[in-house]
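Here are the chains, one letter per residue:
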Amino acid sequence: MTDQDLPTTDTAAGADDPVLAELAVLFPDARFERFEPPVGPAQDVVHVAPADYLDLVTAARNAGFDTFVDLCAVDYLWRDPRFEVVVILGSMELRRRLRIRVGVGGSRPTLPTITWVFPGANFYERESFDLYGVTFDGHPDLTRILLPDDWEGHPLRKDESVGSVPVQFKEAHKAP
Amino acid sequence: MSDTPNVVTGDFEAPTIKPPTADESQPSATAERRREIHDIWVAGTEEPSWVRQATDEGSQEMLIAGADQAIAVQEGTVVSDDYVVQDDSDADERQILNMGPQHPSTHGVLRLHLELEGETIRRVKPIIGYLHTGMEKTAETLTYLQGSTNVTRMDYLSSFHVELAFALAVEQLLGVEIPPRGQAIRVLLTELNRVSSHLIWLATQGMDIGAISMMLYGFRERELCVNFFEKVTGLRMNHNFIRPGGVAADLPDGWEDDVEFLLEKVPAGIVEYEELLNENPIFLDRTVGVGVITPEECKAYGVTGPTARAAGLGWDLRKVFPYSGIDQYEFDVPVGRHGDVYDRYLVRMEEMKQSLRITRQALETMPAGDYRSDDRKVTPPPRKRIDESMEALIHHFKLFTDGFKVPAGETYQAVESPRGELGVYLVADGRSRPWRLHVRAPSFNHVQALPVMLTDSLIADSVATLASIDPVLGDVDR
């Protein structure tokens, strides 16, 4: 995966939207995009720096995106910052979605937790920690959720191998 | 997308045997505490103390602390006077009950740490991961064509929905349009899948609260649906039928009669179950006012589907973000009011009827034409063409060895599964395998929200509540 074929989104006007314009005023550094897939509805995406992440999530919540939908991490191995945490918020009143993408890098990728804004993020942050090793500051219980507690490593990182269990067939050692 | 709001149907006035809002009519200390615990706080204000209580690891420590005390008393290093009532001796009266992972009513391998005070649940901690098989990692090693074999095993009771979400996400990045017949087949199968999944829920919900006969009845009708799936896809479960680019095959000959047969048998069964359960005093006692969740809590915890609709949120992705041409069909979205187990029951029963209504329309309006896209870079050529066309042979070979390439990009596509919003977040890097595939599983959120529904309720209700959110642990752990 080189820089050329990194996933990108179509940059288009997103800030002329009244709801997003409100957020754009509050966060001048955030980059608003509208991804229009060839098929299906357009999707609003906002890129934000880790420092503004918690504030943006809180502001989005106050702007009407009050439904927690999804949180996950992505490992872009050769990109800097290496990891990206993707939060999807929804609004039942506005009938729309907002996808927040925040890059996080370093040897210990850390973000503030949004569990206090959206309690539903609790398990998802634990999952991201478990599978990607992204830590969330201030999380009430940042422990492994899917893997056993004594597991070493974070298996969904791109530098972790898929691994395999050698299968010993019954007749393997018998002479033909 | 039509501008009409979600239609509220059904009369959800609970029968008057027991008022569903008993908690509110006679506020008790428990109800006070419950309300306090169920408050949603506003971000930026002071963080309330109960949040940590609901989720932290403290339950185990508490038991150990209690054990230390008990050992000290036994060894004689501490003298305790039984006649003195200690105000802060709350912890000593609590016990931890470990429910699962091997428990008939945990619907799989879910483990619940229940901290009990007498028969009242004071704290719940769901512990998951027993069924984790790293399917999201596996997805990164499979081509897009193989991907649906993988995702269909996630939510194994509603396989078609997971396949559909995956296929739609891939098609979004590919820009492939599915012909009307392909879309209609998808709608037909997913809606029947909703019925079969809800029938399993009805069976297990009934059995969990003691109506053993429901188990047999639910499976009886579900068997009819599954037989139809077998005829169409070749498999009873994990069909791998809805694939990027369309569906795997056309409907078999005589499918109309099979669907007609289903539409005759299943509604009759549903009517029978409603007669059995709707006003059954035992069923009402076990479900009305049990496991309540409020709309605000649903939003904050990401609870969707029938559970959220029972709480009064008129939110159905089929209406709001229509996919696969579902907006051409006429159906209503039932919405409850009280957010308890009984309302979830009513909502799901009505949903089954609405799904059968869609099935009827799909049967009557099934368009003719191709069942998959004719983009040969995405779907394999017909068998006949391979013998006569070199190009078709190459396409076929490339498709099944290398797979098709998806342009770089990322997208999120959600469908309304029987459990709630089932979303696929897909990152493609321009190659034939996904760079990242994340599945937003509805059961994951619902299990997470269990402490909200269970805290300060009776232990006997935990089983009814757990069954009512209809968790599929394959979906939770992935």
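Structure's up top.
Keep in mind the model is a prediction, meaning the values are calculated, not measured. One numbering rule holds for all chains: residues counted from 1, following each sequence as written. Labels are handed out in written order, letters beginning with A for the chains and numbers beginning with 1 for the ligands. Two thresholds apply to this predicted model, a pLDDT of at least 70 for residue-level local features and 80 or more for giving and counting side-chain atom pairs, whereas whole-chain, interface and lining totals are computed over all residues.

1. Considerations on the sheet that holds strand β2 (residues 111–117) of chain B
Residue and element names in this part refer to chain B.
Logical step 1: Between any two strands, pairing holds if DSSP finds at least two bridges. Numbering of helices and strands runs from the N terminus, with a helix taken as a DSSP run of H or I at least four residues long and a strand as a DSSP run of E at least two residues long. One open sheet holds the 3 strands; their spatial order is β1-β2-β3, and the pairing between them is antiparallel. Edge positions in the sheet fall to β1 (94–99) and β3 (120–127), since each of these pairs with one other strand and no more. Between one strand and the next, the sheet's axes are offset by a mean angle of 20 degrees, whatever the strand orientation.
Logical step 2: As judged from the 6 bridges shared by β1 and β2, these two strands associate in the antiparallel manner. Considered in β2, the bridge of Met99 is made with Leu112. Structural elements are reduced to axes, namely lines fitted to C-alpha atoms, with helices fitted over the stretch in contact, and the angle between N-to-C directions of any two is expressed from 0 to 180 degrees.

2. Focus on the interface of chain B and chain A
Logical step 1: At the junction of the two partners, chain B supplies 49 residues and chain A supplies 41 residues.
Logical step 2: For the side of chain B that touches chain A, the class distribution of residues is 17 nonpolar, 17 polar and 15 charged. Residues are treated as contacting if the C-beta atoms built from their backbones sit within 7 Å of each other. Asp, Glu, Lys and Arg are counted as charged, while Ala, Val, Leu, Ile, Met, Phe, Trp, Tyr, Cys and Pro are counted as nonpolar; the rest, among them Gly, fall into the polar class.

3. Side note on the sheet that holds strand β6 (residues 409–416) of chain B
Adjacent strands of a sheet pair through backbone hydrogen bonds, lying either parallel or antiparallel.
Residues and elements named next belong to chain B.
Logical step 1: The 3 strands are arranged β6-β7-β8 in an open sheet whose pairing can be described as antiparallel. A single partner strand is all that each edge strand has here, and the edge strands are β6 and β8 (434–440). Across this sheet, the average inter-strand angle for adjacent strands is 15 degrees, counted without regard to direction.
Logical step 2: As defined by bridge partners, β6 adjoins strand β7 (residues 421–428) across 8 bridges and the pair is classed as antiparallel.

4. Points about helix α3 (residues 121–132) of chain A
Residue and element names in this part refer to chain A.
Logical step 1: Each helix should span, by expectation, one fewer than its residue count multiplied by 1.5 Å. Compared with the 16 Å implied by 1.5 Å per residue over 12 residues, the 16 Å span of α3 between its first and last C-alpha is a close match.
Logical step 2: For every residue, the other C-beta atoms within 10 Å of its own C-beta are counted; 20 or more classify it as buried, 12 or fewer as exposed, and values in between as partly exposed. C-beta atoms are placed from the backbone. Most of α3 is tucked away: 12 of the 12 residues are buried.
Logical step 3: Turning to α3, its buried residues number three or more, namely Ala121, Asn122, Phe123, Tyr124, Glu125, Arg126, Glu127, Ser128, Phe129, Asp130, Leu131 and Tyr132.
Logical step 4: Downstream of α3 by a residue or two, Gly133 has a phi angle that is positive, lying close to 75 degrees.

5. As for the environment of B:Glu117
All names here are of chain B.
Logical step 1: Its location among the elements puts Glu117 in strand β2.
Logical step 2: For Glu117, a count of 14 C-beta atoms within 10 Å gives the class partly exposed.
Logical step 3: Through-space distance from the C-alpha of Glu117 to that of Ile96 is 9.0 Å; in sequence the pair is 21 residues apart.
Logical step 4: In contact with Glu117, other than residues within four places in its own chain, are Glu93, Arg94 and Arg122.

6. Some points on the nonpolar core
Logical step 1: Among buried residues, those of type Ala, Val, Leu, Ile, Met, Phe, Trp, Tyr and Cys that are joined through C-beta atoms within 7 Å form a set called a nonpolar core. A:Val57, A:Val85, A:Leu89, A:Ile100, B:Ala165, B:Val170 and B:Leu426 are the most contacted members of the largest nonpolar core, which has 161 residues in total.
Logical step 2: Among the elements that make up this core, the one with the highest residue count is helix α8 (residues 180–208) of chain B (12 residues).
Logical step 3: Beyond its immediate chain neighbours, meaning those up to four positions away, B:Val170 contacts B:Tyr144, B:Pro244, B:Val406 and B:Leu426.

7. Re the packing of helix α7 (residues 159–174) of chain B against α8(B)
All names here are of chain B.
Logical step 1: Direction vectors running N to C along α7 and α8 enclose 140 degrees, while the axes themselves pass 8 Å from each other. Between α7 and α8, the angle is such that the two are oblique. On α8, the residues that touch Phe160, His161 and Leu164 of α7 are Arg186, Leu189, Thr190 and Asn193.
Logical step 2: Grouping the amino acids of the contact of α7 with α8 by side-chain chemistry returns 3 nonpolar, 3 polar and 1 charged. Throughout this description, any angle smaller than 35 degrees is read as roughly parallel, any larger than 145 degrees as roughly antiparallel, any in the 65 to 115 degree range as roughly perpendicular, and the remainder as oblique.

8. Section: unusual backbone geometry
Logical step 1: Cis rather than trans, the peptide bond between A:Asp80 and A:Pro81 has omega equal to -5 degrees.
Logical step 2: Mapped onto the elements of the fold, A:Pro81 is located in the loop between β3 (67–75) and β4 (83–91).
Logical step 3: With a phi close to 50 degrees, B:Asn238 is a non-glycine residue in the positive phi region.
Logical step 4: Considering the arrangement of structural elements, one finds B:Asn238 in the loop between α9 (212–233) and β4 (242–243).
Logical step 5: A tally of 18 C-beta atoms within 10 Å means that B:Asn238 is categorised as partly exposed.
Logical step 6: Here the phi dihedral of B:Ser324 falls at roughly 55 degrees; this positive angle occurs in a residue that is not glycine.
Logical step 7: When you line up the elements, B:Ser324 lands in the loop between α14 (317–320) and α15 (341–365).
Logical step 8: On the basis of neighbour counts, which here come to 21 C-beta atoms within 10 Å, the residue B:Ser324 falls in the buried class.

9. Considering the packing of α9(B) against helix α10 (residues 255–277) of chain B
Residues and elements named next belong to chain B.
Logical step 1: Two elements in contact, α9 and α10, have axes whose closest approach is 10 Å; the angle formed by their N-to-C orientations is 165 degrees. When the axis of α9 is compared with that of α10, the two are roughly antiparallel. Here the hand of the crossing between α9 and α10 comes out left-handed. Along the contact surface, α9 presents Tyr217, Glu221, Leu224, Cys225, Phe228, Lys231 and Val232, while α10 presents Trp255, Asp258, Leu262, Lys265, Val266, Gly269 and Tyr273.
Logical step 2: Here the contact of α9 with α10 is composed, by residue class, of 9 nonpolar, 1 polar and 4 charged. Should the near helix be turned counterclockwise from the far one by less than a right angle, the crossing is left-handed, whereas a clockwise turn marks it as right-handed.

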